[in-house]
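Working through the structure, step by step
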Amino acid sequence: MIISCCLYNKVLCAIKKFKRFDSTSFDSLISSFPEIEKAALTSIFNHFIRRQTMLKTKLLKNNSKTITRLYNKMAKKGETFIFISLAEKYGVTPVCIARLVLESIENETTAHGSNESRPWDMIKDSTLIRDATLSYEVHLASLFDPTYSPTANSVAKYGPGLVIYWFGFVESIKGIRNKLLVSDKFPSEIVKIC
């Protein structure tokens, strides 16, 4: 499937209007663009979210103590869907917020600082978290995060000289470089050059 630049830009505009990036937003995107395959929308949605998250993560890391204090305050009030609410407030995914809070808590409780993989291990298996509320919130964050949850699938396969966008691509990509072959399917004829 080849997606026109105009349609691609419409999808991006729709994504930019979302207040939060979760499975509900993605379902809305699917219903708004029935003419685009779900896998193609997944790719566009995930790419946009990853780019936004990378831009905001550095800023959020500097505010991780503030975010952790907000989490603790909301948890003490008995609120639920805390990471989802905070993700909406800061414009990132729920798992991103959960990871920041887990890293902050790890840094406070561990004399040597956080083990890089430990927060991610806790996101993958929230039963590793002793605090029941935190464990539940991390679990909810994973359920509602279509991009960074441990179950999120990655799309787009790359090879040297040939890029195959299995779920379609924007037509303007074809003219980017002369040495790059772009396709949305595996070539029917393969010629071996020795």
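The structure this text deals with has already been given above.
Predicted model only: the values in this text are computed from it and were never measured. (Residues numbered from 1 in each chain as written. Predicted model: local features only at pLDDT ≥ 70, side-chain atom pairs only at ≥ 80, totals over all residues. Heavy atoms only, no water.)

Summed over the entire model, instances satisfying the criterion amount to four aromatic pairs. Ring centres of Tyr71 and Phe83 lie 5.2 Å apart, and the angle between their planes is 20°; this geometry places the pair in the stacked category. Highlighted residues: Tyr71 in helix H4 (residues 64-76) and Phe83 in helix H5 (residues 82-90), separated in sequence by 12 residues. When sorted by exposure, Tyr71 lands in the same class as Phe83, which is buried. Members of the aromatic cluster, joined through ring pairs, are Phe18, Phe26 and Phe45. Arg50 extends its terminal NZ or CZ atom over the ring of Tyr148, reaching a point 4.9 Å from the ring centre. (Phe/Tyr/Trp six-rings, centres within 6.5 Å; stacked < 30°, edge-to-face > 60°. Helix = DSSP H or I, 4+ residues; strand = E, 2+ residues; numbered from the N terminus. Buried < 20%, exposed > 50% of the residue type's maximum accessible area, 1.4 Å probe, protein only. Lys NZ or Arg CZ within 6 Å of the ring centre and 35° of its normal.)

For the rest of this paragraph, the subject is the environment of Ile30. Relative to the elements of secondary structure, Ile30 occurs in helix H2 (residues 23-32). Sequence spacing of Ile30 and Thr42 is 12 residues, and the spatial spacing of their C-alpha atoms is 8.9 Å.

We now examine the nonpolar core. Grouped together as the largest cluster of nonpolar side chains are 23 residues, with contacts concentrated most on Leu60, Ile67, Phe83, Leu86, Ile97, Leu134 and Val138. For this core, the secondary structure elements donating two or more residues are H4, H5, helix H6 (94-109), helix H7 (117-124) and helix H8 (132-144). Considering every element that reaches this core, the biggest residue donor is H6, with seven residues. Discounting residues that sit within four places of it in the chain, Val138 has contacts with Phe83, Ala98, Leu102, Met122, Ile123, Ser126 and Ile129. (Core = buried A, V, L, I, M, F, W, Y, C linked by side-chain atoms within 4.5 Å. Contact = heavy atoms within 4.5 Å.)

Spacing of three or four residues puts side chains on the same side of an α-helix, whose turn is 3.6 residues. For H5, the complete set of buried residues consists of Ile82, Phe83, Ile84, Leu86, Ala87 and Tyr90. Residues of H5 that are buried in the fold lie against helix H3 (38-62), H4, H6 and H8. At the C-terminal side of H5, Gly91 shows a positive phi close to 70°.

The tally for this structure, following the rule as stated, stands at three salt bridges. Here Arg118 and Glu106 are joined by a salt bridge, their closest N and O atoms 3.3 Å apart. Pair noted here: Arg118 is in helix H7 and Glu106 is in helix H6, with a separation of 12 residues, a long-range link. A salt bridge links Asp121 to Lys124; the nearest nitrogen and oxygen atoms lie 4.0 Å apart. Of this pair, Asp121 and Lys124 both sit in helix H7, three residues apart, roughly one helical turn. (Salt bridge = Lys/Arg side-chain N within 4 Å of Asp/Glu carboxyl O.)

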